Protein chains: 2
Amino acid sequence: VRRTGGRSARVRAAVHAAARELIDSDAEVTVAAVAARAGVNPTSIYRRWGTAEALVLDVEAERLRENSPLPDTGTLRGDLLAYARRATADITRPGGLAFIRALVLSPAGVEGAPSVRGRGAAIQAMLDRARDRGEAALLHTDVLDGILAPIYLRTLLGIGGPDARRREILVDRLLGPAGAR
Amino acid sequence: VRRTGGRSARVRAAVHAAARELIDSDAEVTVAAVAARAGVNPTSIYRRWGTAEALVLDVEAERLRENSPLPDTGTLRGDLLAYARRATADITRPGGLAFIRALVLSPAGVEGAPSVRGRGAAIQAMLDRARDRGEAALLHTDVLDGILAPIYLRTLLGIGGPDARRREILVDRLLGPAGAR
């Protein structure tokens, strides 16, 4: 049995599970509420995450990674369309705005959430596979600008995520002559 | 002297001025605080705006309209570049996130803020001028997806608004063969 990090990993798992339950029930996620539900000392949460918003970011980014493995369809266009479809479903699900709300309310932005940076690296790996096949070379910030940003802003504005036709337009703009630089 | 709407207009002006002062001083904008500062009954605010978030949306959208007249450079590309530069400056100014925060926290989204819908119509007018000159026909939702969304999401993520080179890339993607449909 591996001992190193055992207690630390258990605390992390308990805190994540408690935070998820609060997020999913649309309850307010405070450090005190998470600590009580997880059976840990609030100090452990402050020490590791700093704020409730940073914890929500970390939890939601991990959930994204678990639930939404990045696609590998064999073509860049197929990967981007599948990614856009999945991202739209993730953000428009009940409670899906918790992630963006946490981002907006977190003074440190993504700096407080290693999982968010990890997601960027995973997207870059998907893009690099395409480049290695001889397709366009994109950066993960291109996907942020061209696909994730409109999905999020449309949802925030309450006008609904992009439909299938609009997602094709977004992807084709990225892949066009001006987009594939 | 026009009487109709006189008192109503004065209340509106007083409430807007009070809300702006609170926003600019980074104070919490509550209906009670705005009412006290404006010297009006909180009921007047609830009746007209519903929530503090809807009021902030209305105030910030009006400020946008006043401070940032839409460009008319003679070319669509020039207009979009000027718009992108201005939108980046607006959102990255101190307190510039108040608008997005209000959007995120407002359950009604843009529905509660007529000024936001008015801004969409003004952007469409700018795009229609270009179409009438024989340039590409874009919708204001294209500008939302391709320009405003990445500016906002980058700012929310704490990675900074797009620089001049990135803004050119965003505009050229919109104007490319796939974007100008």
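For the structure itself, consult the block above.
Values in this document were obtained by computation on a predicted structure and should not be read as measured data.

About the cut-offs
Residues numbered from 1 in each chain as written. Chains lettered and ligands numbered in written order. Predicted model: local features only at pLDDT ≥ 70, side-chain atom pairs only at ≥ 80, totals over all residues. Heavy atoms only, no water. Helix = DSSP H or I, 4+ residues; strand = E, 2+ residues; numbered from the N terminus. Buried < 20%, exposed > 50% of the residue type's maximum accessible area, 1.4 Å probe, protein only. Contact = heavy atoms within 4.5 Å. Areas by Shrake-Rupley, 256 points an atom, 1.4 Å probe, with all protein chains shown as cover. Salt bridge = Lys/Arg side-chain N within 4 Å of Asp/Glu carboxyl O. Patch = residues over 30% accessible without salt bridge, like charges linked within 9 Å, V, L, I, M, F, W, Y side chains within 5 Å. Lys, Arg positive; Asp, Glu negative; His and termini not counted. Charge placed at Lys NZ, Arg CZ, Asp CG, Glu CD. 1 Å grid on protein atoms, 1.4 Å probe; cavity = no way out; pocket = protein on both sides within 12 Å on 5 of 7 lines; lining within 4 Å. Points joined across faces, edges and corners; volume = space filled by probe spheres on them. Nonpolar A, V, L, I, M, F, W, Y, C, P; charged D, E, K, R; others polar. Arc of directions from axis to C-beta. Polar contact = N/O pair within 3.5 Å; in protein donor to acceptor, adjacent residues only side chain to side chain. Axes fitted to C-alpha atoms, helices over the stretch in contact; angles between N-to-C directions. Parallel < 35°, antiparallel > 145°, perpendicular 65-115°, else oblique.

A word on the overall build of chain A. Counting secondary structure elements, chain A contains 9 helices and 0 strands. Along chain A, helices and strands appear, N-terminal first, in the series α-α-α-α-α-α-α-α-α. Burial status across chain A gives 52% buried among its 181 residues. Sequence separation of at least 24 residues holds for 66% of the intrachain contacts in chain A that already meet a minimum separation of 6. Of the accessible surface of chain A, which amounts to about 8,400 Å², a share of 54% is contributed by carbon and sulfur atoms.

By the definition in use, this model includes 34 salt bridges over all chains. A salt bridge links Glu21 of chain A to Arg37 of chain A, with the nearest nitrogen and oxygen atoms 2.6 Å apart. In this pair, Glu21 of chain A is assigned in helix α1 (residues 6–24) and Arg37 of chain A in helix α2 (residues 31–38), connecting sequence segments 16 residues apart. The class for Glu21 of chain A is partly exposed, based on a relative accessible area of 41%. Note that Arg131 of chain A is salt-bridged to Asp132 of chain A, the shortest N-O span being 3.0 Å. Looking at Arg131 of chain A, the relative accessible area reads 40%, which means it is partly exposed. Linked by salt bridges that have partners in common, Asp142 and Asp145 of chain A together with Arg154, Arg166 and Arg173 of chain B make up one network.

Next up on the list: a positive patch on the surface. A grouping of Arg7, Arg10, Arg47 and Arg48 of chain A is seen on the molecular surface, where their side chains present a positively charged patch. Listing elements by their share of the positive patch, those giving two or more residues are α1 and α3 (42–49) of chain A.

In this section: empty space enclosed by the protein. Picture a little ball the size of a water molecule; that probe, rolled over the atoms, points out where space is still empty. The full count for this structure, using the stated rule, is 2 cavities of 30 Å³ or more. Each pocket or cavity is described by its volume, and for the largest cavity that value is around 120 Å³. Breaking the lining of the largest cavity down by element, the ones donating at least two residues are α8 (140–156) and α9 (164–175) of chain A together with α8 (140–156) and α9 (164–175) of chain B. Tallied by class, residues from the lining of the largest cavity come to 4 nonpolar, 2 polar and 4 charged.

Residues and elements named next belong to chain A. Every buried residue of α2 is accounted for by Val31, Val34, Ala35 and Ala38. For α2, the angular spread of buried residues about the axis comes to 100°, placing them on one side. In this structure, α2 carries Ala32 and Ala36 as exposed residues pointing more than 90 degrees from its buried face. A positive backbone phi angle near 70° is found at Gly39, which sits one or two residues after α2.

Here we come to the side chain of Thr88 of chain A. Residue and element names in this part refer to chain A. If you trace the backbone, Thr88 turns up in helix α5 (residues 76–92). For Thr88, a relative accessible area of 8% puts it in the buried group. Looking at Thr88, its side chain comes within polar contact range of the main-chain oxygen of Ala84, at 2.8 Å. Apart from residues no more than four positions distant in its own chain, Thr88 is found in contact with Ile151, Gly161, Pro162 and Arg167.

Let us look at the environment of Leu175 of chain B. Residues and elements named next belong to chain B. Mapped onto the fold, Leu175 is located in helix α9. By relative accessible area, which is 24% here, Leu175 ends up partly exposed. Sequence separation between Leu175 and Glu135 is 40 residues, and the spatial gap between their C-alpha atoms is 9.6 Å.

This part takes up the packing of helix α1 (residues 6–24) of chain B against helix α3 (residues 42–49) of chain B. Residue and element names in this part refer to chain B. The interhelical angle for the contact between α1 and α3, taken along N-to-C directions, is 95°, at an axis separation of 11 Å. What the angle tells us is that α1 and α3 run roughly perpendicular. Residue-level inspection shows Ser8, Val11, Arg12, Val15 and His16 of α1 in contact with α3, the latter providing Ser44, Ile45, Arg48 and Trp49. Considering only residue class, the contact of α1 with α3 consists of 4 nonpolar, 3 polar and 2 charged.

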